[in-house]
Amino acid sequence: MKQHLIVLDLDGTLLTDQKVISEKTKKTLAKAMEQGHQVMIATGRPYRSSEPYYKELGLKTPIVNFNGAFVHHPLDNSWGRFHTPIGLEIVHEVVESMHDFNFHNIVAEVLDDVYVHHHDEKLMDIFKFGNPYITTGDLRSYLKVDPTSMLIHAPFEKVGEIHDHLNQVHAEVIDHRRWGAPWHVIEIVKSGLSKAVGLDQVSKSLGIAKENIIAFGDEDNDLEMIDFAGVGVAMGNAIAPLKNIANEITLSNNEDGIAELLIDRLHLK
C-alpha cells in the first residue's frame, strides 16, 4: 500500500470530550506509523497546547497551528518556521470597531504570548495551558507586534452581527470563523490562511500526493482541509456543512471514529 498522510484535528476529532486520546485510537495510529504511514496534527490551537498530544503520539512530522498561521517542525529547525500574522493596524481597527458592539472580550495571541483586552479569569483559564506570558489591558495600547490570531468573545445573540461586520469591513484582510459551543467566539487570522494551506506545504515536503492524504475534522475551520484532502473525513459529531462536503463520515470522537476508518481503509490489524 502507498504511504498515506493522516491529518488530525484535535478538539472534537482526535480528542474525546474529556480531551484525551482513546487507547484504541492511539494504538491504531501507532500501527499506521509502524506500517510506514505519516501522521500529523492540524489545529486551531497554538503549539503550546497541542505539544502534549504531539509527544503522546510520538509524532515526527511538521505541525499546523493557528489554522495555518503557524507551521513548523518541532523536531527539525532546518524545516523552517512559517509564521503569518495579522497586521497590527488591522487589529487596532477591529478592536476599535468592536466597541460599537456588545462584546465580552478580545484576545490576541502572538505565538505563545497572550494579550487579553479585559481581565476575565474564566476565559483566561483556556489560554493558561502551556504557561504562556499573559498581558491584560487595552489591546490598542498594550499590543505592539503583529498577532498570530485574534479571538472575539461575544454574547450569542451578537455573534451574527459581528460576523457580518467583519465580512463587510475587513473581508479582504482577515478570515474569521466561529468556535463551536459552548464558547461563542469568532477566531480571526490573516486572509487566505487555512489548515489546507499548511497541509499543502507539509504534504509536499513529505512527498505525499494529495490523493494519499486522509484528513479528519469536525468544525468549520476544517472545511478547506477536508475539501483539500484526497479523503476528507467528517466525524460523526461534525457540523452539517462539513458532512456535506466530506468523502466519508465516520463515528464520533467519543466512539473511536478515527481508528475505525483507518483500520478499514489502511487494512490495519
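Calculation notes
Residues numbered from 1 in each chain as written. Predicted model: local features only at pLDDT ≥ 70, side-chain atom pairs only at ≥ 80, totals over all residues. Heavy atoms only, no water. Axes fitted to C-alpha atoms, helices over the stretch in contact; angles between N-to-C directions. Helix = DSSP H or I, 4+ residues; strand = E, 2+ residues; numbered from the N terminus. Parallel < 35°, antiparallel > 145°, perpendicular 65-115°, else oblique. Left-handed = near helix turned anticlockwise from the far one by under 90°. Contact = heavy atoms within 4.5 Å. Nonpolar A, V, L, I, M, F, W, Y, C, P; charged D, E, K, R; others polar. Pairing = 2+ DSSP bridges.

K.L.:
Would you mind going over the packing of helix 4 (residues 88-98) against helix 7 (residues 156-170) with me for this structure?
P.N.:
Running from N to C, helix 4 and helix 7 cross one another at 140°; their axes reach a closest spacing of 12 Å. For the element pair helix 4 / helix 7, the angle class is oblique. Considering how the two elements wind past one another, helix 4 and helix 7 form a crossing that is right-handed. Between helix 4, through Glu 93, Val 94, Ser 97 and Met 98, and helix 7, the contact on the second element is made entirely by Ile 162, His 165, Leu 166 and His 170. Of the residues assigned to the contact of helix 4 with helix 7, the class counts are four nonpolar, three polar and one charged.

K.L.:
Can you help me understand the sheet that holds strand 3 (residues 63-65) in this one?
P.N.:
Picture the strands of a sheet paired through backbone hydrogen bonds; they go either parallel or antiparallel. An order of 3-4-5 is seen for the three strands of this open sheet, with the pairing classed as antiparallel. Strands with a single pairing partner mark the edges of an open sheet, and in this sheet they are strand 3 and strand 5 (81-83). Neighbour-to-neighbour, the strand axes of this sheet turn through a mean angle of 10°, independent of strand direction. In the sheet, strand 3 pairs with strand 4 (residues 70-72) via three bridges, with the strands oriented antiparallel. Within strand 4, the residue paired with Ile 63 across the bridge is His 72. Contacts from helix 8 (residues 195-206) reach strand 3, strand 4 and strand 5 within the one sheet, and its direction differs from that of strand 3 by about 160°.

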